[in-house]
Amino acid sequence: MIVKVALTEDDFLTHLLYSASKNSRSKANRLRSWLVVSGCFFIIGFLFKDLNTFYCYYFAAAGVISLIFYPFYQRYAYKKHYRKFLLDKLSNRIGKECIIDFQQDIIQTKDVTGESKINTSEVSEINEIGTHYFVRLNTGDALVIPKSAVATDSFVEDLLDIFQNPEMEVTKELDWRWK
């Protein structure tokens, strides 16, 4: 099965955000920074409890506001960070056509950077979200395939038939979005 894709900046960004949302270390860092920022406001407010009640209430209110709104800011900041990373590291691949040939033993890719052959035994899982397929490899890399580039609705089943690997994990999260 041959798939021709020309990935946009949003395709790469979606892949990076999906990977970050599934990475336990990234999730822990996001939670930790949210709690540290909010906790610092509460601690500073508590320290002003006997000295100045205005500052006490001010920092307590800032702590409550950060508990509520910091996750929204954090989503925006991560998205901005990954977009800058993309423009810095992957700008030469954006909009360039890539041909992916799925065969029983290998996956062959051709793009502006060259050709590569990947053993199908290196495919660890296939992730499907509402707009993309991600064919993940044991090395941590992934092939990003927009659903608009695939003509069939049974793409995952077709890949499983080609690879013939019963251990391959398939994850469908059709309602996934960056949060």
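For the structure itself, look to the data block above.
Residues numbered from 1 in each chain as written. Predicted model: local features only at pLDDT ≥ 70, side-chain atom pairs only at ≥ 80, totals over all residues. Heavy atoms only, no water.

S.K.: Quick one: what's the story with the sheet that holds strand E5 (residues 123–129), residue by residue and with numbers?
M.R.: Spatially, E7-E6-E5-E8 is the arrangement adopted by the 4 strands of the open sheet, whose pairing is mixed. Both edges of this open sheet fall to strand E7 (142–146) and strand E8 (169–173), since each of them pairs with a single strand only. Strand-to-strand twist of the sheet, defined as the mean angle between neighbouring strand axes without regard to direction, takes the value 15°. For strand E6 (residues 132–137) and E7, the ladder comprises 5 bridges, and the chain directions are antiparallel. Residue pairing for E7: Tyr133 is matched across the bridge by Ile145. Strand contacts of helix H1 (residues 9–22): E5, E6, E7 and E8, with the helix running at about 60° to E6, the strand carrying the most contacts. On the sheet, helix H4 (residues 155–163) packs against E5, E6, E7 and E8 and is oriented at approximately 170° with respect to E5. (Pairing = 2+ DSSP bridges. Helix = DSSP H or I, 4+ residues; strand = E, 2+ residues; numbered from the N terminus. Axes fitted to C-alpha atoms, helices over the stretch in contact; angles between N-to-C directions. Contact = heavy atoms within 4.5 Å.)

S.K.: Quick one: what's the story with the packing of aromatic side chains, residue by residue and with numbers?
M.R.: In total, this model carries 15 aromatic pairs according to the counting rule given. Centre to centre, the rings of Phe102 and Phe155 are 6.0 Å apart; their planes meet at 75°, and the pair counts as edge-to-face. Placement of the pair is Phe102 in strand E2 (residues 97–102) and Phe155 in helix H4, with a sequence separation of 53 residues. For the pair shown, Phe102 and Phe155 are each scored as buried. The structure contains a cluster of three or more aromatic residues connected by ring pairs, namely Phe41, Phe48, Phe54, Tyr55, Tyr58 and Phe59. Directly above the aromatic system of Tyr78 lies the positively charged group of Arg30, at a separation of 5.3 Å from the ring centroid. Geometry around Tyr133 places Lys147 over its ring, the cationic atom sitting 5.4 Å from the centre. (Phe/Tyr/Trp six-rings, centres within 6.5 Å; stacked < 30°, edge-to-face > 60°. Buried < 20%, exposed > 50% of the residue type's maximum accessible area, 1.4 Å probe, protein only. Lys NZ or Arg CZ within 6 Å of the ring centre and 35° of its normal.)

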